[in-house]
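# Architecture and fold: a report
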Amino acid sequence: MSKPTVVITGGSSGIGRALVEAYLERGSRVASIDVAGAPAGETSPDLLTVIADVTDESRMLEAAREIRATLGQPSVWINNAGIARLGSFD
């Protein structure tokens, strides 16, 4: 059975990085999409880092083509990318 391919947006830090690590440990091929680049300290032949902003549609289409060509058709796609803005609600 072949390894599943998992795509994680926002994979360079926080929850996204934890997801990247967990899926690699479980034997998946992982594509991490993030504007910041690679998850710090993560190296694996099963990890593809894609630098992209998820709000850029044309770049995301290129990223999808790159992921399919390098790792195969994704089995799982986790939309985790986001930003936090701290401050008063009102």
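Residues numbered from 1 in each chain as written. Predicted model: local features only at pLDDT ≥ 70, side-chain atom pairs only at ≥ 80, totals over all residues. Heavy atoms only, no water.

## Comments concerning the pattern of salt bridges
Inspection of the entire model under this criterion finds three salt bridges. With a closest N to O distance of 2.6 Å, Lys3 and Asp46 form a salt bridge. Here the residue Lys3 occupies a position in the segment before strand S1 (5–9), and Asp46 occupies one in the loop between strand S2 (29–34) and strand S3 (47–51), the gap between them amounting to 43 residues. Judged by relative accessible area, Lys3 falls into the partly exposed class, the value being 36%. Given a relative accessible area of 18%, Asp46 falls into the buried group. (Salt bridge = Lys/Arg side-chain N within 4 Å of Asp/Glu carboxyl O. Helix = DSSP H or I, 4+ residues; strand = E, 2+ residues; numbered from the N terminus. Buried < 20%, exposed > 50% of the residue type's maximum accessible area, 1.4 Å probe, protein only.)

## Observations concerning the environment of Pro45
Relative to the helices and strands, Pro45 is located in the loop between S2 and S3. Sequence separation between Pro45 and Arg29 is 16 residues; the distance between their C-alpha atoms is 8.4 Å.

## What to know about the sheet that holds strand S4 (residues 76–78)
Strand order in the open sheet made by the four strands is S3-S2-S1-S4, with parallel pairing throughout. A single partner strand is all that each edge strand has here, and the edge strands are S3 and S4. For this sheet, the mean inter-axis angle between neighbouring strands, taken without regard to orientation, is 15 degrees. Against the sheet, helix H2 (residues 57–71) engages S1, S2, S3 and S4, with an angle of about 165 degrees to S3. (Pairing = 2+ DSSP bridges. Axes fitted to C-alpha atoms, helices over the stretch in contact; angles between N-to-C directions. Contact = heavy atoms within 4.5 Å.)

## A short note on H2
A turn of α-helix holds 3.6 residues, and therefore any two residues three or four places apart point the same way. Under the 1.5 Å per step criterion, the end-to-end length of H2 is 21 Å for 15 residues, consistent within 8% with the ideal 21 Å. When we look at burial in H2, the residues that qualify are Arg59, Met60, Ala63, Ala64, Ile67 and Leu71. Burial along H2 is one-sided: seen end-on, the buried residues are contained in an arc of 145 degrees. Contacts made by the buried residues of H2 are with S1, S2, S3 and S4. The positive-phi residue at the C-terminal boundary of H2 is Gly72, with phi of around 105 degrees. (Expected span 1.5 Å × (residues − 1). Arc of directions from axis to C-beta.)

## A word on the nonpolar core
In terms of nonpolar packing, the biggest core is built from 10 residues, these being Val7, Ala31, Ile33, Leu48, Val50, Ala52, Met60, Ala63, Ile67 and Leu71. Secondary structure elements with two or more residues in this core: S2, S3 and H2. In terms of residue count, H2 provides more of this core than any other element does, four residues in total. If we ignore the near neighbours within four places in the chain, the residues touching Val7 are Ala31, Ile33, Ile67, Pro74, Val76, Trp77 and Ile78. (Core = buried A, V, L, I, M, F, W, Y, C linked by side-chain atoms within 4.5 Å.)

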